[in-house]
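Residues per chain are reported as follows:
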Amino acid sequence: MFYKLKTKLIEKNIAKKNVSNPFNYESAESYELSKDASKWINNSYYFSAHEGDKSFFCRLGIRINQIETWFVILDGDDKYCLKEELFEVGKSPLKVIKENDKWIISFSGEVIHNDKEKVSLTFKGEFTSTNKYLDFTSDMPPVRMAKAIAQEKWNKSFFKELENVSGQTHYEQVGSLNIEYSVNTKEYKYSLPCVRDHSFGKRDWNYMNNHLWLMAVSPHGQFNYSLVSYPAISVLEVGNYIKDNKTNYLISADLDFNKIATGNNINEISLNVKLDNGEVINVIANVVDTTVYHFQGDEYTLIENIATYKINNETFKGILEIGFNKDKTRIFNSRNIRKFKR
């Protein structure tokens, strides 16, 4: 009873706040770190493009003291991967800039080919949006955050702790990525459906307990399921499904949390997602490639899997990202996952 009342109260407050503080897309697109920013402030650009036997993802996590950098190409039987994860400011081989309405990705440096040999690779990607942006704060149904907050024990310290998960901007946009790259004098060109992700604000990886992100794209749509656990919020689930240029949002999901509570990578996953239009979609993912990243001296491990998807028996491809705090006892705050109200 109290849970339902708390949910309704929080849902109403979130909806009111979203109306009074609308997302400013133009401002977010031009965000840059201030010169006196804290080392905990992050400005992160992520691109993930997939179709058939080809995949590409990169991430540029800009901080005042270092640059977190990912770069992976999977092209048939060939994988090209940047092994270095951290660079000094201004020295990352990966660059991301906006030119008019397009985002330009460039890379020039040494990568590892199939975990064996070093090769020199140059890359250029041009992202063009095909859909309106999706803001994870204002566009997601308020009931999702409301349920997450309502099942926690409310007291003064809880609401103080809750401040640690607020204040970050996070939005996505679906589009296409035109790719050109060359390695060993050979040149490759193709275009893939792509999702770009931009987030900025405070990000202390050690504050996260664990997370899961499922993201799949095809020429006809996109799927997203995001789950995260913090000390303040034991479980928060959000998501969306785009089909025929129409976006619907996750109302509930039946993912078995036991599957991801082991603190280990997984090879496959399945779930059913109920959307706000009443439709229920079946999602099945199978991992085909894995790259592991480490944050803040191994305080947090993030595993970026590339996966094939079947969504209502339609073919998609994307990523299955899973991460864990070094302290595995913190997964879901060590709570009984069968008792979560979802």
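Look above for the structure.
The structure displayed is predicted, hence computed values, not measured ones. (Residues numbered from 1 in each chain as written. Predicted model: local features only at pLDDT ≥ 70, side-chain atom pairs only at ≥ 80, totals over all residues. Heavy atoms only, no water.)

## So, the overall build of the protein
Then, number 1: When helices and strands are counted, the protein shows four helices and 19 strands.
Then, number 2: Its C-alpha atoms give the protein principal-axis dimensions of roughly 65 × 50 × 40 Å.
Then, number 3: The buried share among the 342 residues of the protein stands at 51%.
Then, number 4: Within the protein, counting contacts between residues at least 6 apart in sequence, those at least 24 apart form 60% of the total.
Then, number 5: Carbon and sulfur atoms form 49% of the exposed surface of the protein, whose accessible area is close to 16300 Å².
Then, number 6: Placing the 45 positive and 44 negative side-chain charges of the protein at their respective mean positions leaves the two points 8 Å apart. (Helix = DSSP H or I, 4+ residues; strand = E, 2+ residues; numbered from the N terminus. Buried < 20%, exposed > 50% of the residue type's maximum accessible area, 1.4 Å probe, protein only. Contact = heavy atoms within 4.5 Å. Areas by Shrake-Rupley, 256 points an atom, 1.4 Å probe, with all protein chains shown as cover. Lys, Arg positive; Asp, Glu negative; His and termini not counted. Charge placed at Lys NZ, Arg CZ, Asp CG, Glu CD.)

## Looking at the environment of Phe87
Then, number 1: Among the structural elements, Phe87 can be located in strand E5 (residues 86-87).
Then, number 2: Separated by 25 residues in the primary sequence, Phe87 and Ile62 have C-alpha atoms spaced 9.8 Å apart.
Then, number 3: Filtering out sequence-adjacent residues up to four positions away, Phe87 remains in contact with Gln66, Ile67, Thr69, Leu82, Ser92 and Pro93.

## Points about helix H3 (residues 142-150)
Then, number 1: Looking only at H3, the buried set comprises Val143, Arg144, Ala146, Ala148, Ile149 and Ala150.
Then, number 2: Where the residues of H3 are buried, they touch helix H1 (2-20), helix H4 (156-162), strand E14 (236-243) and strand E15 (246-253).

## Description of H1
Then, number 1: End to end, H1 covers 27 Å across 19 residues, agreeing with the expected 27 Å (1.5 Å per residue, within 8%).
Then, number 2: Those residues of H1 that fall on the buried side of the exposure criterion are Tyr3, Lys6, Thr7, Ile10, Ile14 and Asn18. Projected down its long axis, H1 shows its buried positions confined to an angular sector of 100 degrees, all on one face. What points out from H1, more than 90 degrees from its buried face, is the exposed set Lys4, Leu5, Lys8, Lys12, Lys16, Val19 and Ser20.
Then, number 3: Along its buried surface, H1 packs onto H3. (Expected span 1.5 Å × (residues − 1). Arc of directions from axis to C-beta.)

## A look at the packing of aromatic side chains
Then, number 1: Taken as a whole and judged by the stated rule, the model has 27 aromatic pairs.
Then, number 2: Centroid distance Tyr46 to Trp70: 6.2 Å. Interplanar angle 90 degrees. Geometry classified as edge-to-face. Highlighted residues: Tyr46 in strand E1 (residues 41-51) and Trp70 in strand E3 (residues 67-75), separated in sequence by 24 residues. Like Trp70, Tyr46 is buried.
Then, number 3: Each ring, one from Trp70 and one from Phe295, has its centre 6.4 Å from the other, and the planes form 50 degrees; the classification is tilted. In this pair, Trp70 sits in strand E3 while Phe295 sits in strand E17 (residues 280-295), placing the two residues 225 residues apart along the sequence.
Then, number 4: Among the aromatic residues, those joined into a cluster by ring pairs are Tyr46, Phe57, Trp70, Trp205, Trp213, Tyr293, Phe295 and Tyr300.
Then, number 5: The ring of Tyr133 is capped by Lys132, whose NZ or CZ atom sits 4.0 Å from the centre of that ring.
Then, number 6: Above the ring of Tyr3, the side-chain terminus of Lys341 is found at 5.4 Å from the ring centroid. (Phe/Tyr/Trp six-rings, centres within 6.5 Å; stacked < 30°, edge-to-face > 60°. Lys NZ or Arg CZ within 6 Å of the ring centre and 35° of its normal.)

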